[in-house]
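What the coordinates show
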Amino acid sequence: MTGNALDRWFESPALRRLAAAIVVINGFFPALWVLLTSLKSEAELVQQPISYLPQAPSLANYARAFADQPLLSYLGNSFIVAGLATLGSLLVATGAAYAIARLNLRHRQLVLTAIVASSMFPLVTLLVPIFETMRVLGLLNTYTALVLPYVVLNLPVCTLVLVSFFQSIPRDLENAALIDGCTRIGALVKVVLPLAAPGLFTAGILAFVNAWDEFLLALSLNASASMRTVPVGITLYQGEFAFPWPIISAALVVAIVPVAVLIALFQERVVGGLTQGGLKG
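Values in this document were obtained by computation on a predicted structure and should not be read as measured data. (Residues numbered from 1 in each chain as written. Predicted model: local features only at pLDDT ≥ 70, side-chain atom pairs only at ≥ 80, totals over all residues. Heavy atoms only, no water.)

Here we look at the environment of Val192
- Here Val192 is to be found in helix α10 (residues 184–195).
- You can call Val192 buried: its relative accessible area is 1%.
- Along the chain, Val192 and Pro170 lie 22 residues apart, while their C-alpha atoms are 9.3 Å from each other.
- In this view, Val192 contacts Tyr98, Phe166, Ile169, Glu174 and Ala187; residues no more than four positions away in its chain are not counted. (Helix = DSSP H or I, 4+ residues; strand = E, 2+ residues; numbered from the N terminus. Buried < 20%, exposed > 50% of the residue type's maximum accessible area, 1.4 Å probe, protein only. Contact = heavy atoms within 4.5 Å.)

Section: the packing of aromatic side chains
- Under the criterion given, the structure shown has 6 aromatic pairs.
- Between Phe243 and Trp245, the aromatic rings sit 5.6 Å apart at their centres with planes inclined by 15°, giving stacked as the arrangement.
- The exposure class assigned to Trp245 is partly exposed, which follows from its relative accessible area of 46%.
- Each member of the aromatic cluster is reached from another via a ring pair, and the members are Phe29, Trp33 and Tyr52.
- Of note, Lys40 hangs over the ring of Trp33, and the distance from its end group to the ring centre comes to 5.3 Å. (Phe/Tyr/Trp six-rings, centres within 6.5 Å; stacked < 30°, edge-to-face > 60°. Lys NZ or Arg CZ within 6 Å of the ring centre and 35° of its normal.)

A few points about helix α2 (residues 13–38)
- Over its 26 residues, α2 runs 37 Å from end to end, which matches the ideal 38 Å to within 8%, given 1.5 Å per residue.
- The principal kink in α2, of about 35°, is found at Phe28, preceding the proline Pro30 by one to four residues.
- Those residues of α2 hidden inside the fold are in contact with α3 (42–46), α4 (60–68) and α14 (245–265). (Expected span 1.5 Å × (residues − 1). Bend = angle between axes of the 7 residues up to and from the residue.)

Points about unusual backbone geometry
- Of note, the amide linkage connecting Gln48 to Pro49 takes the cis form, showing an omega dihedral of -5°.
- Counting through the fold element by element, Pro49 comes out in the loop between α3 and α4.
- One non-glycine residue with positive phi stands out, namely Asn141, at about 60°.

A word on a nonpolar patch on the surface
- A contiguous nonpolar patch, built from Ile50, Tyr52 and Leu53 and spanning about 340 Å² of accessible area, is present on the exposed surface.
- Turning to its location among the elements, Leu53 is positioned in the loop between α3 and α4.
- A residue is classified by how much of its surface remains accessible, and Leu53, at 59% relative accessible area, is exposed. (Patch = residues over 30% accessible without salt bridge, like charges linked within 9 Å, V, L, I, M, F, W, Y side chains within 5 Å. Areas by Shrake-Rupley, 256 points an atom, 1.4 Å probe, with all protein chains shown as cover. Salt bridge = Lys/Arg side-chain N within 4 Å of Asp/Glu carboxyl O.)

Things to note about the nonpolar core
- Grouped together as the largest cluster of nonpolar side chains are 38 residues, with contacts concentrated most on Leu71, Tyr150 and Trp212.
- Broken down by secondary-structure element, the contributors of at least two residues to this core are α4, α5 (71–102), α7 (123–136), α8 (143–168), α11 (197–213), α12 (216–221), α13 (230–234) and α14.
- Once residues within four sequence positions are removed from consideration, Trp212 is found in contact with Leu75, Ser78, Phe79, Ala82, Val230, Pro231, Ala255, Pro258 and Val259.
- Core analysis: the next-biggest nonpolar cluster, separate from the first, contains 20 residues, Tyr98, Ile100, Val161 and Leu188 among them. (Core = buried A, V, L, I, M, F, W, Y, C linked by side-chain atoms within 4.5 Å.)

Some words on the side chain of Arg102
- Tracing the backbone shows Arg102 in helix α5.
- The buried category is assigned to Arg102, whose relative accessible area is 5%.
- For Arg102, the side chain forms a polar contact with the main-chain oxygen of Ile169, separated by 2.4 Å. (Polar contact = N/O pair within 3.5 Å; in protein donor to acceptor, adjacent residues only side chain to side chain.)

Observations concerning the packing of α5 against α8
- Running from N to C, α5 and α8 point in directions that differ by 40°, and their axes come no closer than 6 Å. Taken together, α5 and α8 sit at an angle that is classed as oblique. The two elements α5 and α8 meet at a crossing, and its hand is right-handed.
- Along the lines of polarity and charge, the residues of the contact of α5 with α8 split into 21 nonpolar, 7 polar and 1 charged. (Axes fitted to C-alpha atoms, helices over the stretch in contact; angles between N-to-C directions. Parallel < 35°, antiparallel > 145°, perpendicular 65-115°, else oblique. Left-handed = near helix turned anticlockwise from the far one by under 90°. Nonpolar A, V, L, I, M, F, W, Y, C, P; charged D, E, K, R; others polar.)

Quick word on the pattern of salt bridges
- Inspection of every chain in the model, using the stated rule, returns 4 salt bridges.
- One salt bridge in this structure joins Arg135 and Glu132, with 2.8 Å as the shortest N-O distance. With Arg135 and Glu132 both in helix α7 and 3 residues apart, this pair spans about one turn of that helix.
- Its salt-bridge partner being Glu174, residue Arg184 comes within 3.8 Å of it at the nearest N-O pair. A residue pair is termed long-range when its members are at least 10 positions apart, and Arg184 in helix α10 and Glu174 in helix α9 (residues 171–179) qualify at 10 residues.
- Exposure remark for Glu174: the relative accessible area of 2% places this residue in the buried category.

Right, here's the structure in full:
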């Protein structure tokens, strides 16, 4: 097959539709399967031949999910931790990204490389230092024990997203604000941040989802029952010899809903944020 023929094949509408279908199925099938499982009884789940659709859909598993474990408490803890971590990440990342994008920093490219490199360490290698730090500071079993590490872990991606947006905003707009009497911070707040709103929404949602889904630190740093977040709480539904998958699936659906609603509300801004521009040197 010649090069031109290959190009035409890759650009064909049929191939694009096939690729789109594969992506959609890969993304939505697991969530759909969990939803269908949450509507089945345990007997129906293990019957042969397998039943893909619930024969008698029921919300009883959702009632059990809230009755068997304090799921509302877990959701509240996750909202507090993820919300505070998101605000902290945006605050610090905004200052860092603005300095990289606008100030005449030496070795700016080296700083960006270091930020990217810092995000490549596996979380398990950082667990012991983080745990010891929080233990020495007396922060174990507190919201702060999770918020501070989440802010640090979210900084690389949030900073890189915001650097890209800040660099795409013309400097003339800031210069005009400075000439009119604005300080550098005033120009940032009044001019740059409103124009970079899609980037802020994108970075914020990425930070929120990362904090909402995180399990290892939440399990290790907050052993108290009253401080557990949703990912840790869901693991408690299983017994020593039993795995109530319909109830676990119901709890998973409840945990997915806040993130799905958040993304649905800000879908256009997130898509704009993820597709606007590349990182300038």
